[in-house]
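Residue strings, one per chain:
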Amino acid sequence: MKKNRIFCVLLIAAALLAAGCGQNNAGEAETIIVYNWGDYIDQSVLRDFEQEFGIRVIYEEFDTNESMYAKLKAGGTAYDVAFPSDYMIKRLIDEGGLEKINFKNIPNYSLIGDRFKNLPYDPQNEYSVPYFWGTVGILYNKTMVDEPVDSWGILWKEKYAKEIFMLDSQRDAIGLTLKWLGYSLNSKSDAELAMAQAKLVEQMPLVQAYVGDEVKDKMIAGEGALAVVWSGDALNMMLENEDLDFALPQEGTNIWVDAMVIPSTSEHKEAAEKFINFMCRTEVAARNCEYINYSTPHTEVLSGLPEEITADNRFYPGEDDLSNSEVFDDLAAMLPLYDRIWTEVKAEYQ
Amino acid sequence: MKKKLISGPYLAWMLIFSILPLFLVVWYALTAESEGERVFTLAHLSRVFEPIYLRVIWRSLRLALISTAFCFLLGYPVALILTSRHFKRHTILVVLVVLPMWMNFLARTYAWLTLLEKNGLINHILAFLHLPAMNILYTDAAVILGMVYNFLPFMILPIYSTLYKIDHSLIEAAEDLGATPLTTFRRVIFPQSLAGVLSGVIMVFMPAVTTFVISRLLGGGQYTLIGNMIEQQFLTTYDWGFGSALSLFLMALLLITGSVLMRSRGEEGGLW
């Protein structure tokens, strides 16, 4: 009997807890939860959106596509808008993780450049609206590197031991190694991947740290000679420190597109569409572009940018400049092998 | 009956936030997805015992032991000073020990990241004093420093609380009977503080062996301890099975060391 009563108390407690979680905050403004990369928006546009539409925005950040995916998959938070990259969008579409966007609610989509439509990750333009795009290259400090930087191979030079920052991102780290070895960064060959893994392990003693956004502070402060960075971040850092310069290796690199999507967990699809449309408004997109300095797919924002930036083929490469560069594919069945390689490389540290 | 009623909320809390998650860890560690169903497997657990992961586990244990030893060597004298009869400002010192804990642990660890940089504050001061620069960021030394810095209060406080309770007449008796201060310490004070030392050791060792934030920030991403390994399985590679197997292994390890330490203590007191 006593035991039963304790059990009842537990049950009631659990029920109350469950009810508490599911409760709707009726009477309050509608709220959307936005999930974006760290330091990837001019935060003042969020306030403007809230004022104009009366929709509250809860803004959360992630540092890699993989961590975003894990959080989406784990459920828990019902994200309304997320900003994954190309290959992750493909994966989410294939797994039924995204809602189709009603493009009638996104009239500003017409302002996105044609080059960024019908891309392989979303061939029918049903799920995603491009936000920014770019490449991956090597940022270097001219006072510490006096040779030309034109190959990924420089990241394996003994001379720069402990002066190298690598991206702490699975696809990028493995991908650039594959590129350097002359393979596709979407390689599905066991032998090629084993070689890449061996190279990454070999490189480890030379690397000062595997970093995410911290790389910006580090390179600006002159803490290292070479760093693998996204093109947009490179421009930002060069503006902060004149000694820094950026190069795209001749072996080719990764072209990426980050786009706005609506996860299938979303409970406020129309509000999410309003948000996406707002983000594509020329004035808003221009403010974001000015703050982030990444390459914009927005035609009107692009035409308003200074010539010296848009003419620089490191930040606005034309299609010819990228002939040997690739977009990441979703690896599907090969993914566990990539995961394992990355786990093993990390475990290898002495 | 009344007592049981009062403990109800606590039991509910334990059930929802400790027992249930624990069960989930065991479940994920022992099953794998196969054709839409979860089937029993030992693959995750056997992967834990591959040499590459055993090395990571060994590294975590080694660093946690070193940090615990440093915490003990630094913490015990502080606790002694705190309880010394000749020292009049106990409260100020206790506040100084506890004060850092009021600030967020992450923020304090971030501070070390900038302090230890090549062009960081510490090296600026060393350069000003014409001393050689030190580059310890992203090495064992930085991670151990981070652990000792963060966990030292957990060593000092339990030792302090047992030393504080020691009957002073015993110490006086030892002195009256002609014991030197060293002998008094060795034969009277230290044995009586053992319970606090063991609590302190457990309270430093456990968070040190499982940390992933300190090793991530001060070890620089390549620095993998078992905590990082587990974090990576859940947050990056989405392999909950292997992550759970690692967690299960770690829990077993901690339970064994914990129970060995507790048994060797025998007496009650301290925080455990």
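Predicted, not measured: the structure shown is a model, and the values here were computed from it.

1. A short note on the overall build of chain B
Phase 1: Of regular secondary structure, chain B possesses 13 helices and two strands.
Phase 2: Once the C-alpha set of chain B is aligned to its principal axes, its extents read approximately 80 × 70 × 35 Å.
Phase 3: The 272 residues of chain B split such that 35% are buried.
Phase 4: Intrachain contacts of chain B at a sequence separation of at least 6 include 71% that bridge at least 24 residues.

2. Describing the confidence of the model for chain A
All names here are of chain A.
Phase 1: Taken residue by residue, chain A gives an average pLDDT of 89. The fraction at 70 or more is 92%.
Phase 2: When pLDDT is averaged over each helix and strand of chain A, the minimum, 48, is found for helix α1 (residues 2-22) and the maximum, 97, for strand β3 (residues 81-82).
Phase 3: Note on residues 15-26: pLDDT under 50 across the span, and one contact to partners over four residues away in sequence or across chains.

3. Side note on the interface of chain A and chain B
Phase 1: Of the residues lining the interface, 32 residues belong to chain A; the matching set on chain B comes to 28 residues.
Phase 2: Contributions of two or more residues to the side of chain A that touches chain B are made by α1, α3 (65-73), β6 (207-211) and α13 (335-347) of chain A.
Phase 3: When residues in the side of chain A that touches chain B are grouped by element, the largest group, seven residues, is from α1 of chain A.

4. Some words on the domain arrangement of chain B
Residues and elements named next belong to chain B.
Phase 1: For chain B, the assigned domains read domain 1 (1-41) and domain 2 (44-265).
Phase 2: A separation of 30 Å is found between the C-alpha centroids of domain 1 and domain 2.
Phase 3: Every contact between the two is made by six residues of domain 1 and, on the other side, eight residues of domain 2.
Phase 4: Of the residues forming the side of domain 1 that touches domain 2, the biggest block, four residues, is contributed by helix α2 (residues 8-30).
Phase 5: A per-class count over the side of domain 1 that touches domain 2 returns five nonpolar, one polar and no charged.

5. Quick word on unusual backbone geometry
All names here are of chain A.
Phase 1: The backbone phi angle of Asn125 is positive, close to 55°, even though this residue is not glycine.
Phase 2: Secondary-structure assignment places Asn125 in the loop between α4 (86-94) and β4 (129-141).
Phase 3: By the C-beta count within 10 Å, which is 16 here, Asn125 ends up partly exposed.

6. Considering the domain arrangement of chain A
Residue and element names in this part refer to chain A.
Phase 1: Looking at chain A, the domain boundaries give domain 1 (28-133 + 256-310) and domain 2 (136-255 + 316-347).
Phase 2: Relative placement of domain 1 and domain 2: their C-alpha centres are 25 Å apart.
Phase 3: Opposite the 18 residues of domain 1 that make contact, domain 2 presents 16 residues.
Phase 4: By residue number, the principal contributor to the side of domain 1 that touches domain 2 is α4, which donates five residues.
Phase 5: Among the residues making up the side of domain 1 that touches domain 2, the classes are represented as six nonpolar, five polar and seven charged.

7. Regarding the environment of Gly241 of chain B
Residue and element names in this part refer to chain B.
Phase 1: Within the secondary structure, Gly241 sits in helix α13 (residues 240-265).
Phase 2: Taking the number of C-beta atoms within 10 Å as the measure of exposure, Gly241 has 21 and is therefore buried.
Phase 3: Sequence-wise, Gly241 and Thr41 are 200 residues apart; in three dimensions their C-alpha atoms are separated by 9.7 Å.
Phase 4: Filtering out sequence-adjacent residues up to four positions away, Gly241 remains in contact with Tyr28, Ala29, Ala32 and His44.

8. So, the nonpolar core
Phase 1: Ranked by internal contacts, the top residues of the largest apolar core, which has 151 residues, are Val81, Leu139 and Phe275 of chain A.
Phase 2: Among the elements that take part in this core, helix α8 (residues 140-165) of chain B stands out by supplying 15 residues, more than any other.
Phase 3: With sequence-adjacent residues up to four places away left out, Val81 of chain A is seen in contact with Ile32, Val34, Met260, Ile262, Ala272, Phe275 and Ile276 of chain A.

9. Observations concerning the sheet that holds strand β1 (residues 31-37) of chain A
All names here are of chain A.
Phase 1: Strand order in the open sheet formed by three strands is β2-β1-β3, and the pairing between neighbours is parallel. Of all the strands in the sheet, just β2 (56-62) and β3 have a single pairing partner and so form its edges.
Phase 2: Against the sheet, helix α9 (residues 269-279) touches β1 and β3, its axis set at about 45° to β1.

10. Examining the pairing of β1 of chain A
All names here are of chain A.
Phase 1: Of all seven residues in β1, six are buried; the element is thus mostly enclosed.
Phase 2: In this region the chain leaves β1, passes through helix α2 (residues 44-53) and returns to the parallel neighbour β2; the handedness of that crossover is right-handed.
Phase 3: Relative to β3, β1 runs parallel, the two sharing two bridges. Within β3, the residue paired with Val34 across the bridge is Val81.

11. Considering the pairing of β4 of chain A
Residues and elements named next belong to chain A.
Phase 1: By the criterion of burial, β4 is predominantly enclosed, with 13 of the 13 residues buried.
Phase 2: Note that β4 and strand β9 (residues 254-260) share six bridges and pair antiparallel. Bridging across to β9, Gly134 finds its partner in Trp256.
Phase 3: When β4 meets strand β7 (residues 226-230), the two strands line up antiparallel, connected through five bridges. If you follow Ile138 over to β7, its bridge partner there is Val228.
Phase 4: Where β4 meets strand β8 (residues 244-247), four bridges bridge the pair, whose relative direction is antiparallel. Its bridge partner lying in β8, Leu139 is registered against Phe246.

12. Considerations on the environment of Asn141 of chain A
Residues and elements named next belong to chain A.
Phase 1: Inspection of the secondary structure assignment puts Asn141 in strand β4.
Phase 2: By the C-beta count within 10 Å, which is 20 here, Asn141 ends up buried.
Phase 3: Placed 97 residues apart in sequence, Asn141 and Met238 show a C-alpha to C-alpha distance of 9.6 Å.
Phase 4: When neighbours within four sequence positions are excluded, Asn141 is seen to be in contact with Gly222, Ala225, Asp243 and Leu244.

Rules used in this analysis
The residue count restarts for each chain, going from 1 along the sequence in the order it is written. Following the order in which they are written, the chains are lettered starting with A and the ligands numbered starting with 1. With pLDDT at 70 or above as the cut-off, local features in this predicted model cover only qualifying residues; side-chain atom pairs require 80 or more to be listed or tallied, and sums for whole chains, interfaces and linings still use all residues. A run of DSSP states H or I qualifies as a helix once it reaches four residues; a run of E qualifies as a strand once it reaches two. Both are numbered from the N-terminal end. As a rule, residues whose C-beta atom has 12 or fewer other C-beta atoms within 10 Å are exposed, those with 20 or more are buried, and those in between are partly exposed; C-beta atoms are placed from the backbone. What counts as a contact here is a pair of residues whose C-beta atoms, placed from the backbone, lie within 7 Å. Values of pLDDT, the confidence the predictor places in each residue, fall between 0 and 100. Residue ranges for the domains trace back to a domain assignment, done automatically or taken from a database. For this classification, Asp, Glu, Lys and Arg are treated as charged, while Ala, Val, Leu, Ile, Met, Phe, Trp, Tyr, Cys and Pro are nonpolar and the rest, including Gly, are polar. Under the definition applied here, buried Ala, Val, Leu, Ile, Met, Phe, Trp, Tyr and Cys residues are grouped into a nonpolar core through C-beta atoms within 7 Å. The criterion for strand pairing is that DSSP finds at least two bridges linking the strands in question. Lines fitted to C-alpha atoms define the axes, with helix axes restricted to the stretch in contact, and inter-axis angles between N-to-C directions lie between 0 and 180 degrees. Crossovers are described as right-handed under a simple rule: with the strands pointing away from the observer, the path leading from the first strand over the helix to the second runs clockwise.

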